[in-house]
Protein chains: 2
Amino acid sequence: MTFEKIPYKIYLSEQEMPKTWYNVRADMKTKPAPLRNPGTGAPMGFEDLRGVFCDELVRQELDNDTAEIPIPREIRDFYKMYRPSPLVRAYCLEEKLQTPAKIYYKFEGNNTSGSHKLNSAIAQAYYAKQQGLAGVTTETGAGQWGTALSMACAYLGLDCKVYMVKVSYEQKPFRREVMRTYGAAVTPSPSMETEIGKKILQEHPGTTGSLGCAISEAVEAAAKNPGYRYVLGSVLNQVLLHQSVIGLETKAALDKYGVVPDIIIGCAGGGSNLGGLISPFMGEKLRGEKNYRIIAVEPASCPSFTRGRFAYDFCDTGMVCPLAKMYTLGSGFIPSANHAGGLRYHGMSPVLSQLYHDGLMEAVSVEQTKVFEAAEAFARVEGILPAPESSHAIRVAMDEALKCKETGEEKTIVFGLTGTGYFDMVAYEKFHNGEMTDYIPTDAELQKSFDKLPQVPGLD
Amino acid sequence: MTFEKIPYKIYLSEQEMPKTWYNVRADMKTKPAPLRNPGTGAPMGFEDLRGVFCDELVRQELDNDTAEIPIPREIRDFYKMYRPSPLVRAYCLEEKLQTPAKIYYKFEGNNTSGSHKLNSAIAQAYYAKQQGLAGVTTETGAGQWGTALSMACAYLGLDCKVYMVKVSYEQKPFRREVMRTYGAAVTPSPSMETEIGKKILQEHPGTTGSLGCAISEAVEAAAKNPGYRYVLGSVLNQVLLHQSVIGLETKAALDKYGVVPDIIIGCAGGGSNLGGLISPFMGEKLRGEKNYRIIAVEPASCPSFTRGRFAYDFCDTGMVCPLAKMYTLGSGFIPSANHAGGLRYHGMSPVLSQLYHDGLMEAVSVEQTKVFEAAEAFARVEGILPAPESSHAIRVAMDEALKCKETGEEKTIVFGLTGTGYFDMVAYEKFHNGEMTDYIPTDAELQKSFDKLPQVPGLD
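In this text, all values refer to a predicted model and were calculated from it rather than measured experimentally. (Residues numbered from 1 in each chain as written. Chains lettered and ligands numbered in written order. Predicted model: local features only at pLDDT ≥ 70, side-chain atom pairs only at ≥ 80, totals over all residues. Heavy atoms only, no water.)

**As for the overall build of chain A**
A tally of regular secondary structure across chain A gives 18 helices and 15 strands. Taken over the C-alpha trace, chain A has a radius of gyration of 21 Å; the compact-globule value for 460 residues is 23 Å, and the two agree within 12%. Counting contacts in chain A only where the partners sit at least 6 residues apart, residues at least 24 apart contribute 76% of the total. Summed over its atoms, the accessible surface of chain A is roughly 16,000 Å², and 52% of this surface lies on carbon and sulfur atoms. (Helix = DSSP H or I, 4+ residues; strand = E, 2+ residues; numbered from the N terminus. Rg over C-alpha atoms; globule rule 2.2 N^0.38 Å. Contact = heavy atoms within 4.5 Å. Areas by Shrake-Rupley, 256 points an atom, 1.4 Å probe, with all protein chains shown as cover.)

**Things to note about helix α12 (residues 272–286) of chain B**
Residues and elements named next belong to chain B. End to end, α12 covers 19 Å across 15 residues, agreeing with the expected 21 Å (1.5 Å per residue, within 8%). Burial within α12 is extensive, with 15 of its 15 residues counted as buried. With its phi angle positive at about 75°, Gly288 sits one or two positions after the end of α12. (Expected span 1.5 Å × (residues − 1). Buried < 20%, exposed > 50% of the residue type's maximum accessible area, 1.4 Å probe, protein only.)

**Quick notes on the sheet that holds strand β8 (residues 185–189) of chain A**
All names here are of chain A. With respect to topology, four strands assemble into an open sheet ordered β8-β7-β6-β9, the strand pairing being parallel. Across the chains shown, the open sheet's two edge strands, defined by having one partner strand only, are β8 and β9 (228–230). Direction aside, the axes of adjacent strands within the sheet are offset by 25° on average. As defined by bridge partners, strand β6 (residues 135–140) adjoins strand β7 (residues 159–165) across six bridges and the pair is classed as parallel. (Pairing = 2+ DSSP bridges. Axes fitted to C-alpha atoms, helices over the stretch in contact; angles between N-to-C directions.)

**Looking at the environment of Pro280 of chain A**
Residues and elements named next belong to chain A. Inspection of the secondary structure assignment puts Pro280 in helix α12 (residues 272–286). A relative accessible area of 7% means that Pro280 is categorised as buried. On a C-alpha basis, the gap between Pro280 and Gly247 in space is 6.0 Å, while along the polypeptide they are 33 residues apart. Residues contacting Pro280, with those up to four places away along its chain left out, are Tyr22, Gly247, Leu248 and Lys251.

**With respect to the packing of aromatic side chains**
Scanning the model with the defined rule gives 35 aromatic pairs over all chains in all. With a centroid separation of 5.8 Å and 85° between ring planes, the pair formed by Tyr422 of chain A and Phe423 of chain B is classed as edge-to-face. One end of the pair, Tyr422 of chain A, is in the loop between β15 (412–417) and α17 (425–432); the other, Phe423 of chain B, is in the loop between β15 (412–417) and α17 (425–432), on a second chain. For Tyr422 of chain A, a relative accessible area of 6% gives the class buried. With a centroid separation of 5.9 Å and 55° between ring planes, the pair formed by Phe305 of chain B and Tyr327 of chain B is classed as tilted. In this pair, Phe305 of chain B sits in helix α13 (residues 304–307) while Tyr327 of chain B sits in strand β13 (residues 323–328), placing the two residues 22 residues apart along the sequence. On the basis of relative accessible area, Tyr327 of chain B is assigned to the buried category, the value being 9%. Grouping aromatic residues by their ring pairs yields a cluster made of Phe78, Tyr79, Tyr82 and Tyr155 of chain A. Taking the ring centre of Tyr169 of chain A as reference, the NZ or CZ of Arg176 of chain A above it sits at 4.7 Å. (Phe/Tyr/Trp six-rings, centres within 6.5 Å; stacked < 30°, edge-to-face > 60°. Lys NZ or Arg CZ within 6 Å of the ring centre and 35° of its normal.)

**Examining the relation of the copies chain A and chain B**
Superposition of chain A onto chain B requires a rotation of 180° combined with a translation of 0.0 Å along the rotation axis, giving an RMSD of 0.0 Å. Seen this way, the second copy is the image of the first under a two-fold rotation axis. Distance from the rotation axis, computed per C-alpha, reaches its smallest value in chain A at Asn110 of chain A: 3.0 Å. Counting the interface residues of chain A, we find that 100% of their copies in chain B are interface residues as well, pointing to one common contact surface. (Least-squares fit on C-alpha atoms with pLDDT ≥ 70 in both.)

**Structural notes on the pairing of β6 of chain A**
In regular strands, side chains alternate between the two faces of the sheet. Residues and elements named next belong to chain A. Among the six residues that make up β6, six are buried, leaving the element largely enclosed by the rest of the structure. Side-chain alternation along β6 places Gly135, Thr137 and Glu139 on one buried face and Val136, Thr138 and Thr140 on a second face that is also buried. For the handedness criterion, the β-α-β arrangement of β6, helix α6 (residues 144–156) and β7 is classed as right-handed. Bridge count between β6 and β9: three bridges; the pairing is parallel. Counterpart to Gly135 in the pairing with β9 is Tyr228. (Right-handed = clockwise from strand over helix to strand, strands pointing away.)

**With respect to the state of the cysteines**
Tallied over the full model, the rule gives zero disulfides over all chains. Between Cys302 of chain A, a cysteine without a disulfide, and Cys267 of chain A, which holds the nearest cysteine sulfur, the sulfur-to-sulfur distance is 13 Å. (Disulfide = S-S within 2.5 Å.)

**Describing the interface of chain A and chain B**
Tallying the contact residues gives 42 residues for chain A and 42 residues for chain B. For the chain A and chain B pair, buried surface summed over both sides reaches about 4,000 Å², with 58% attributable to carbon and sulfur atoms. Taken together, the connections running from chain A to chain B amount to two salt bridges. Glu429 of chain A is the salt-bridge partner of Arg176 of chain B, the closest N and O atoms lying 2.7 Å from each other. The interface formed by chain A and chain B contains 28 residue pairs in polar contact (both at pLDDT 80 or more). When residues of the side of chain A that touches chain B are traced back to their parent elements, those giving at least two are α3 (73–82), α6, α8 (173–181), α15 (368–382) and α17 of chain A. The leading source of residues in the side of chain A that touches chain B is α8 of chain A, at six residues. Across the side of chain A that touches chain B, the residue classes tally to 22 nonpolar, eight polar and 12 charged. (Buried area = accessible area lost by both parts, 1.4 Å probe. Salt bridge = Lys/Arg side-chain N within 4 Å of Asp/Glu carboxyl O. Polar contact = N/O pair within 3.5 Å; in protein donor to acceptor, adjacent residues only side chain to side chain. Nonpolar A, V, L, I, M, F, W, Y, C, P; charged D, E, K, R; others polar.)

**Here's the deal with the packing of helix α9 (residues 195–203) of chain B against helix α10 (residues 211–224) of chain B**
The N-to-C vectors of α9 of chain B and α10 of chain B enclose an angle of 145°; their axes lie 8 Å apart at closest approach. Between α9 of chain B and α10 of chain B, the contacting residues are Glu195, Ile196, Gly197 and Ile200 of chain B on the first element and Cys213, Ser216, Glu217, Glu220 and Lys224 of chain B on the second.

**What to know about the environment of Ala142 of chain B**
Residues and elements named next belong to chain B. Within the fold, Ala142 resides in the loop between β6 (135–140) and α6 (144–156). Residue classification places Ala142 among the partly exposed residues on the basis of a relative accessible area of 35%. When the C-alpha positions of Ala142 and Glu373 are compared, they lie 22 Å apart, and in sequence the two are 231 residues distant. Setting aside its immediate chain neighbours within four residues, Ala142 contacts Met164, Ser168, Lys172 and Arg175.

**Some thoughts on the side chain of Gln238 of chain A**
Residues and elements named next belong to chain A. Along the polypeptide, Gln238 turns up in helix α11 (residues 237–256). The buried category is assigned to Gln238, whose relative accessible area is 0%. Non-local contacts of Gln238, meaning those with residues more than four positions away in its chain, are made with Phe53, Leu57, Gln60, Glu61 and Gln124.

**A short note on the side chain of Glu376 of chain A**
Along the chain, Glu376 of chain A turns up in helix α15. Given the relative accessible area of 14%, Glu376 of chain A is considered buried.

**Description of the pattern of salt bridges**
Residues and elements named next belong to chain B. Evaluation of the coordinates by the stated rule reveals 62 salt bridges over all chains. Residue Lys161 is joined to Glu193 by a salt bridge in which the shortest nitrogen-to-oxygen separation is 2.9 Å. With a gap of 32 residues between them, Lys161 in strand β7 (residues 159–165) and Glu193 in the loop between β8 (185–189) and α9 connect regions that are remote in the sequence. Classification of Lys161 as buried rests on a relative accessible area of 17%. Residue class for Glu193 comes out partly exposed when judged on its relative accessible area of 41%. In this structure, Arg307 and Asp443 form a salt bridge, with 2.8 Å as the shortest nitrogen-oxygen distance.

**Regarding the pairing of strand β10 (residues 263–267) of chain A**
All names here are of chain A. Burial runs high along β10: five of the five residues are buried. By the alternation rule, side chains of β10 split into Ile263, Ile265 and Cys267 and Ile264 and Gly266, which are all buried. Handedness of the crossover is the feature at issue here: the chain leaves β10, passes through α12, returns alongside strand β11 (residues 293–299), and the resulting connection is right-handed. Pairing analysis gives three bridges linking β10 to β15, with the strands arranged parallel. Across the sheet, Ile265 pairs through a bridge with Phe415, a residue of β15.

**Points about unusual backbone geometry**
Omega for the bond connecting Arg83 of chain B with Pro84 of chain B falls within 30 degrees of zero, at -5°, which places this linkage in the cis form. With respect to the element layout, Pro84 of chain B can be found in the loop between α3 (73–82) and β4 (87–89). Residue Pro190 of chain B follows Ser189 of chain B across a cis peptide bond; omega there is 5°. Counting through the fold element by element, Pro190 of chain B comes out in the loop between β8 and α9. Its identity is not glycine, yet Gln98 of chain A carries a phi of approximately 50°, on the positive side. Within the secondary structure, Gln98 of chain A sits in the loop between α4 (91–97) and β5 (102–107). Since its relative accessible area comes to 54%, Gln98 of chain A is described here as exposed.

Okay, here's the thing in C-alpha cells:
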C-alpha cells in the first residue's frame, strides 16, 4: 500500500485489469427473487429462458452462488480497446466547491457508445456468437444501448437488428447513423416487419412509438428467427455481473493508493451502472469486512426506489416479458413529457431492489433543473460534458461534498460518471434558455399506476 | 529500453508528460518566412502584432531559435485533466488488414471538445489571463475550435466571445449548446454587433455567413475592446508549438517500448495537428539523427500542399489579417459544397509549408468517399468513431499497411487520430445512403484563384 501523491487520473495497467467478473448475489443472504412466468406464476428456470437468451447468459442470470466468473479472453481483449477507464480525482471540482472532501469519479464515457453500456453489450454478443447464433435483436430509445450493441456486433461479425422508437429515429438521427456506421439494421418502431408492429400501426396509424412497443417487436423478431436471441442492456442479473468490471477497476485503482471511500454514489435507471459500480464494495459490506454508505440517485420524476412498490411486475410495458420482483412504479408508468434527464425505466434491477429493501443502500431523488445545474458546473471545471443520467450522481456527490464543507469532514466520495452528453444538447439548450421545468408525480398518479400491478398466480 | 509485449494503449504517467513544448523552428535551416504587413510589405515584429495577440504569444510566434519552451504549471495541470492521451496499438486494424505492418495512432479525441484543439486553446487562454485581459474573441465554423476555447476560458474564468458562421449556428445547434454550457457567448455571423457584420448584412441581407466574415467580426470585436485579443486555432507558429505536446507524448510512449516508426502520417487542414505530431520527429530528421517518412494527407477537394502555390497570401478570406508565406489555393478559394470531410482551409502553416518545400515531408490528397470507407472500416474494428478530418490519415495509414502486406515489410506506421465524429453524422448519413460524391477542382478553377494572389509591396 503506497501513499504517494494521487494523480488526476488513475489508470490501471492491462495486467491489473480484472480477469473475473464479481457476482454480488453470491454474498447476498437474501437472494433476489426469481423471474416468474406471468401465466403460471412459476419461477423460470434454464429451459424456460433459453428460448429468449443465449444458454451461457441464462446460466449467469440464474447463478446466485458463484462469486467469481471468468471473463473470456476475447471479451478481455475487447475491453482493452477502451478500458481500463480512468478513475479521476476531481481536484478541480474540489477546489471549486472549496470542500475538504476528496472526490473521485469513474469515467465510463470514453468510448464511441459514450457510456458503460458497452461492458455488457460485448459480453452478450460474445456468448451469442459462441453459441453459433447469427445475430441478436434489441430495442433502443435515444440509442445509447443500441450503439453499444452495434459496436460489439460489428467487432464479432454478428448481425444486429435494432428497433428504435420512431420519434427518436426521426428526431435523433445522429445516434441512428452511428449504429448504421457499425453495420446495424435500424428499424423505426412500430414497423410493418412484425405482427405486433402491424397491429399497433393499424390501431394507431400516426403513433410515434414507445419503448414498450419496440421491446415487443424485438422479442418477436428474435422468437421468429431461430438463429437470433433478444438482448437487453439493463435490469437483468447478467448485466449487473458484466458491469461489475466498473466497480472492480474502481476498487483496484483505489487500493493502489490506499484510498478507502466513505460514500459511493451512482445514478439509477434500471441499475446497470449503479449495480456494476457498487458490486465489489457491496460484497465487502455483505461479508462484514467494510462499511460504506452507498447512495442510488434517481430522477424525482421517475422515483422507483424512493416512491415505488417492491412487488412483482412486468419488465416491459408490452407485458410480454417475465415478471420480476423489483421496486417499480408500474409497467404502465411513463415519466412526464418534460423529463429530459434519462433514467426513465419504470422498475429497478431485482438485485439492487433486494439490497435496498434489506437496508444495505440508500436512495435519493433529485429534480432535473438541479441536475443540469450540477452538470454545467461540473463541465466547466472538470472539462467533461456529462450525460444527464450521469449528472444525477454528480448532483448528489456535490451535495455531499458541500455538507463536508459545513462540517469540515474530509470524507472520500466516489461516484460513477457513466457517460457523455453529446447527444443530449437539446436538453442542455432547454436548460440554457430557462425553459426546463420540474415535475414530480402526485401520489394519486402513482396510485393509479400501482393499481395495475399484476397479480401473480400462486402468490398473494 | 524494454521490449516487453506492447499493450493496446500506452499511457504515460503524469511524471512522464512533457514539461516543455518543442519548437521545431529552432532546428530548421531555412526558417519559415515572416508574416508581412499587406499594406507595406514589411515583416511584422513584436509591436506590430501585440495589438492582435497577447504579448507572450507574439514572442512565441516570432521565436525561431528557442528549441524548448517551458509549459507553465497551470497549463500542465489543465493538460492533466485530459492528457496524456493514449497511443494506441491498432492490433484489431492490423488483423483486419492482415498486414505485417505495426500500426499505432495517437488519439486526441477523448476530451469534450472532441479534438486536439484544446492543447492550444488552454495555452492561448492562459497567456491572455496572465496578461490581465478580460477575454478573447474567435471565429468558429462547425465549432470544434470554439468548443475547445470555451472550455479553456471557463476553466480560467475568462470571457469568451465566439462568432459562429450563421449556417452552422442554425444547422449545428449541438456544438453551439456545448459552447454555451461552457459559458461562451455565441453570436451567429454576420451579426449587427460589428461594423463589418452590419455592412455585409446590408449588402447581402439573406447571407448564411462564411468563415472569412466571422474572422473579420472576431478581429473587429477584439480591436474595439482594449481588454480583448483575437485567438486562432491553427496555421500560426504558436499553435504548432503548443500542439507539439502531441508529438512529444507520442515519442515518449514509443521510446518506452523501444519502437522507432518508419512512417508518420497526419491529416492537414491548417496544420495544427500534423505540425504538433511530427515536430519532435522532424527535429531528429533536421538534426540528422534519424530518418522518417512523413506524410501529410489532405482532401482532394482542398489540395493546398499538392496543388497549391508557395506564395504570400492572406490568412483570411476577408483580407484583414497579415500576409503569410505558405502553400495556398488563394484566400478566395472555397471547397466544393459537396465536400463534407473538413480540412477546408485555403492555406497551410508557414512552418509546414517551408518543410514541405524543402523536401522534408511528402503530401498526398485523397477523395472523401475513400476517406469515409476507411473511417467506417476503422470504427468497426477499433471501436472509435473518427472525425472525417482524422479519417484522411486513417485512409493513408491503411493504404501504407496494405502495401506492406504486398511486400511483406514489417513497417511501423504512426498516425494522428485527431478527433471524434459525433457531430459529423450528417456526412456519415450521406455516405451510408450512397449520396456522397467526390469533387476535384479543375486546373482552370485553381488558376482563377491563383490569379488573385496578392502582390506584396517590396517583393516580386
